[in-house]
Amino acid sequence: MADKWSLLVIALLDRRSLRFTELRRMIDGVSQRMLTRTLRHLERDGLVSRTVHPTVPPRVDYELTPLGATLHTTIRALVTWTEAHQNEIAAARTAYDARVLAEQRAAEEEAAERAEIAHSVLAATR
């Protein structure tokens, strides 16, 4: 329930139902598969209800259950905090990724140096 997609779905379903396609358009970066999984988990947990309308093509609406609605205030605060700090989070992620990449390159260079030394030692002993 605490993953980012679930939080966004619950925040978007406040006070109104939405169709699957509406949710997908409103959530930047979510794949159809991930949104489907997220909605199924939320439905299983009793937080979201799913209504299938007998039309062609079928229309499916999602809305918060009364239990899901009790989470909205808490989740909205988290979403607001995330939006307010998104630049700091992005900068932290960029710095982390650069640090990990530098560590990986250093480890690869060290491994290559060790391999070269081992190769030289083996060649000298032949």
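Rules used throughout
- Residues numbered from 1 in each chain as written.
- Predicted model: local features only at pLDDT ≥ 70, side-chain atom pairs only at ≥ 80, totals over all residues.
- Heavy atoms only, no water.
- Helix = DSSP H or I, 4+ residues; strand = E, 2+ residues; numbered from the N terminus.
- Rg over C-alpha atoms; globule rule 2.2 N^0.38 Å.
- Buried < 20%, exposed > 50% of the residue type's maximum accessible area, 1.4 Å probe, protein only.
- Contact = heavy atoms within 4.5 Å.
- Areas by Shrake-Rupley, 256 points an atom, 1.4 Å probe, with all protein chains shown as cover.
- Lys, Arg positive; Asp, Glu negative; His and termini not counted.
- Charge placed at Lys NZ, Arg CZ, Asp CG, Glu CD.
- Axes fitted to C-alpha atoms, helices over the stretch in contact; angles between N-to-C directions.
- Nonpolar A, V, L, I, M, F, W, Y, C, P; charged D, E, K, R; others polar.
- 1 Å grid on protein atoms, 1.4 Å probe; cavity = no way out; pocket = protein on both sides within 12 Å on 5 of 7 lines; lining within 4 Å.
- Points joined across faces, edges and corners; volume = space filled by probe spheres on them.
- Patch = residues over 30% accessible without salt bridge, like charges linked within 9 Å, V, L, I, M, F, W, Y side chains within 5 Å.
- Salt bridge = Lys/Arg side-chain N within 4 Å of Asp/Glu carboxyl O.

S.K.: Account for the overall build of the protein, naming residues and giving values.
M.R.: Of the regular secondary structure elements, the protein holds five helices and three strands. N-terminal to C-terminal, the α/β element order of the protein is α-β-α-α-β-β-α-α. Relative to the globule expectation of 14 Å for 126 residues, the C-alpha radius of gyration of the protein, 24 Å, shows a markedly less compact shape. Each principal axis of the C-alpha distribution contributes one length, and for the protein these read about 80 × 35 × 25 Å. Looking at the 126 residues of the protein, the share that counts as buried comes to 21%. Partitioning the intrachain contacts of the protein with sequence separation of at least 6 by distance along the chain shows that 45% fall at a separation of at least 24. For the protein, the accessible area works out to roughly 9400 Å², and carbon and sulfur atoms hold 55% of it. The positive charge centre, built from 18 side chains, and the negative charge centre, built from 17, are 8 Å apart in the protein.

S.K.: Can you explain the packing of helix α4 (residues 66-84) against helix α5 (residues 86-124)? Please cite residues and give values.
M.R.: One way to put it is that α4 packs onto α5 with a least axis distance of 4 Å and a crossing angle of 65 degrees. Residues Trp81, Thr82, Glu83 and Ala84 of α4 form the contact with α5, whose participating residues are Gln86, Glu88 and Ile89. When grouped by side-chain class, the residues that make up the contact of α4 with α5 number three nonpolar, two polar and two charged.

S.K.: Account for the layout of surface pockets, with residues named and values stated.
M.R.: The calculated volume of the largest pocket comes to roughly 510 Å³. Together, 15 residues line the largest pocket, and Lys4, Leu8, Thr82, Glu83 and Gln86 are the ones closest to its centre. Secondary structure elements with two or more residues in the lining of the largest pocket: α1 (4-12), α4 and α5. Of the residues that constitute the lining of the largest pocket, the class distribution is nine nonpolar, two polar and four charged.

S.K.: Give me α1: which residues, what numbers.
M.R.: In an α-helix there are 3.6 residues to a turn, and that puts residues three or four apart on one side. Every buried residue belonging to α1 is among Trp5, Ser6, Leu7, Val9, Ile10 and Ala11, and all of these are buried. Where α1 is buried, its residues touch α3 (32-44), β3 (59-64) and α4.

S.K.: Which residues make up a negative patch on the surface, and what are the values?
M.R.: There is a patch of like negative charges on the surface, built from Glu108, Glu109, Glu113 and Glu116. With respect to the helices, strands and loops of the structure, glutamate 113 is situated in helix α5.

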